Amino acid sequence: MQRIYIPIVVSLITVLISCENKNNNEEVNSLIEAKRAEVAPDKRVALWDLNFENDSLKGETDQPEELLSLIEELNSQQINFIDAVTRLPEAALGEKTKALVTISVANIRSNPKHSAELATQALMGTPLNVLKEDDGWFLVQTPDGYLSWVDRAGIHLMSEAELEQWFKEPKIVYTSLYGHVWDSPRQENMISDVVAGDILTFEGENHSYAEVSLPDGRLGYIPFAETMIWEDWIASRNTSPEALITTAKQMMGTPYLWGGTSIKGVDCSGFTKTIYYLNGQIIPRDASQQINEGELVDADKDWDRLQVGDLLFFGVKGTPEKKERVVHVGMWIGNGEFIHSRGLVRISSFDPTNPNYDEYELGRYLRTKRIINVPSEHVLSVSELLTNN
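Described below are features of the structure shown in this document. Just so we're clear, the structure is a prediction, and the values are computed from it rather than from any experiment. (Residues numbered from 1 in each chain as written. Predicted model: local features only at pLDDT ≥ 70, side-chain atom pairs only at ≥ 80, totals over all residues. Heavy atoms only, no water.)

## Details of helix 6 (residues 268–277)
- Taking burial as the measure, the ten residues of helix 6 include ten buried ones, the bulk of the element.
- Buried residues of helix 6: Cys 268, Ser 269, Gly 270, Phe 271, Thr 272, Lys 273, Thr 274, Ile 275, Tyr 276 and Tyr 277, and no others. (Buried < 20%, exposed > 50% of the residue type's maximum accessible area, 1.4 Å probe, protein only. Helix = DSSP H or I, 4+ residues; strand = E, 2+ residues; numbered from the N terminus.)

Written out as structure tokens, the structure is:
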């Protein structure tokens, strides 16, 4: 009897433990998902990659306070577990958890390899938060919160103290659409190319040239007429109709580039983002994020309601079965016209008598939002860019 009884008891205990573990897994993973919906509904700007399995809380996150809240909840429910979560920035980075873009335009990708999708771009002098490394690629977060991967060659790693010191140094902004940093005023050898919006350290004036240093320490010269002192540039930025239209039309013909946010190539939301950046505002990266900012202006194709600078969104309307899909954005420039990047930067019209009439975009119009002079959580001033947050 005893030889039969002991295996049965052991089997029952095993079943009970297995059921308890299964219940714990389901309960904890439900808590994780609920927390994800709260703190990281958009994985493009917040990392909450956690799961609970075999009494172990695993994964990684850049939300330490929310992770602590989750752990306290598990402890309060007396759920025993091993904490195996990686907190980002990862410890292997040491103090080098900051970086500056050191090339005119850094391509930032969805995965750590050159063949991965281009997610966004960042201009020279853009400060980045660095979260982890993978074989020479770094997961970084841009000032607009976007998470993606950049090659080591495009950034200069720094400690927070080093970045703070860089912030204190005098800066200039490159203001022409495209140009070069030269090794001397004789313009014999190029140090780097530069594009509108690039930020460099101002070392002094040499006749008609600005002597500059790049974020990685390279020294060079730029024609002074192609630059502005940072403080003067910031003071002159505004989102007046004239400024927005001038900037937008300067980029006419720029080729479409998926993930592009610079004069070298732009996608639709990269174009609107660039227009606003060069006029003093940092807006979210993607059209599906931009549509959540500002105030609703129109959803009925009443073009009289629109003002220059309003953002028009296009896509597929939602139904009870499917969510709305926002796939395109442009900027209103008045007179029934908007400017946008589709194939190249172009002007389209909703007036059937206009040679630029765009029946295609009219057919997928969703609504228009206004962000000018409208307080919005994720719209920042460019003046905040050189602030160590």
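## Quick word on the nonpolar core
- Among the nonpolar cores identified, the biggest contains 46 residues, and Trp 166, Phe 271, Tyr 276, Tyr 277, Leu 311, Met 331 and Ile 339 are the most heavily contacted of them.
- When contributions to this core are tallied by element, the ones reaching two or more residues are helix 3 (160–168), helix 4 (230–236), helix 5 (241–250), helix 6, strand 22 (311–316), strand 23 (325–334) and strand 25 (344–349).
- Ranked by residues supplied to this core, first place goes to helix 6 with five residues.
- Filtering out sequence-adjacent residues up to four positions away, Tyr 277 remains in contact with Leu 123, Gly 197, Ile 199, Trp 233, Ile 282, Val 382 and Leu 385.
- Core analysis: the next-biggest nonpolar cluster, separate from the first, contains 16 residues, Ile 32, Leu 70, Leu 74 and Phe 81 among them. (Core = buried A, V, L, I, M, F, W, Y, C linked by side-chain atoms within 4.5 Å. Contact = heavy atoms within 4.5 Å.)

## Some points on empty space enclosed by the protein
- A complete count under the given rule lists two cavities of 30 Å³ or more for this structure.
- Its boundaries defined by the atoms lining it, the largest cavity holds a volume of some 240 Å³.
- Along the wall of the largest cavity there are 16 residues; nearest its centre are Gln 121, Ala 122, Thr 126, Lys 273 and Tyr 277.
- Going through the elements one at a time, strand 6 (118–123), helix 6 and strand 20 (281–282) are the ones with two or more residues in the lining of the largest cavity.
- With four residues, the top contributor of residues to the lining of the largest cavity is strand 6.
- Of the residues in the lining of the largest cavity, the class split is seven nonpolar, seven polar and two charged. (1 Å grid on protein atoms, 1.4 Å probe; cavity = no way out; pocket = protein on both sides within 12 Å on 5 of 7 lines; lining within 4 Å. Points joined across faces, edges and corners; volume = space filled by probe spheres on them. Nonpolar A, V, L, I, M, F, W, Y, C, P; charged D, E, K, R; others polar.)

## Quick notes on unusual backbone geometry
- Here the amide bond leading from Leu 88 into Pro 89 is cis, since omega sits at 5°, within 30 degrees of zero.
- By the element assignment, Pro 89 lies in the loop between strand 3 (82–87) and strand 4 (98–101).
- Of note in the backbone geometry, Asp 135 takes a positive phi value of approximately 50° without being a glycine.
- A positive phi is found at Gln 187, a non-glycine position, where the angle reads about 55°.
- Tracing the chain through its elements places Gln 187 in the loop between strand 12 (178–182) and strand 13 (190–195).

## A look at the sheet that holds strand 9 (residues 147–151)
- Spatial ordering of the open sheet is given by 6-5-9-8-7-4-10, a layout of seven strands whose pairing is antiparallel. Of all the strands in the sheet, the pair left with one neighbour each is strand 6 and strand 10 (155–158). Adjacent strand axes in the sheet meet at a mean angle of 45°, parallel and antiparallel pairs treated alike.
- Looking at chain direction, strand 5 (residues 105–109) and strand 6 are connected through five bridges and run antiparallel. Residue pairing in the sheet places Ala 106 in a bridge with Ala 122 of strand 6. (Pairing = 2+ DSSP bridges. Axes fitted to C-alpha atoms, helices over the stretch in contact; angles between N-to-C directions.)

## Re the sheet that holds strand 26 (residues 365–370)
- As summarised here, the arrangement of the six strands in space is 21-26-22-23-24-25, forming an open sheet in which the pairing is antiparallel. Pairing within the sheet leaves two strands with one partner each, and these edge strands are strand 21 (295–298) and strand 25. Strand-to-strand twist of the sheet, defined as the mean angle between neighbouring strand axes without regard to direction, takes the value 35°.
- In this sheet, strand 26 lies alongside strand 22 in antiparallel orientation, the contact comprising four bridges. In the strand pairing of strand 26, Leu 312 is matched with Thr 368.
- Its contacts with the sheet place helix 5 against strand 23, strand 24 (337–342) and strand 25, and it is angled at close to 115° to strand 23.
- Helix-sheet contacts for helix 6 involve strand 22, strand 23, strand 24 and strand 25, and the interaxial angle to strand 23 is about 40°.

## Focus: the pattern of salt bridges
- Applying the stated criterion across every chain, the model contains 22 salt bridges.
- A salt bridge links Glu 33 to Arg 36; the nearest nitrogen and oxygen atoms lie 2.6 Å apart. Placement of both Glu 33 and Arg 36 in helix 1 (residues 2–39) is noted, with a separation of three residues, approximately one turn of the helix.
- Arg 186 is the salt-bridge partner of Glu 188, the closest N and O atoms lying 3.4 Å from each other. The burial state of Glu 188 is the same as that of Arg 186; both residues are exposed. (Salt bridge = Lys/Arg side-chain N within 4 Å of Asp/Glu carboxyl O.)

## What about the packing of helix 5 against helix 6?
- Running from amino to carboxyl end, helix 5 crosses helix 6 at an angle of 130°, the nearest separation of the two axes being 9 Å. By the criterion of interaxial angle, the relationship of helix 5 to helix 6 is oblique. Read as a crossing pair, helix 5 and helix 6 show a hand that is right-handed. In this structure, helix 5 contributes Leu 244, Thr 247 and Ala 248 to the contact, and helix 6 contributes Phe 271, Ile 275 and Tyr 276. (Parallel < 35°, antiparallel > 145°, perpendicular 65-115°, else oblique. Left-handed = near helix turned anticlockwise from the far one by under 90°.)

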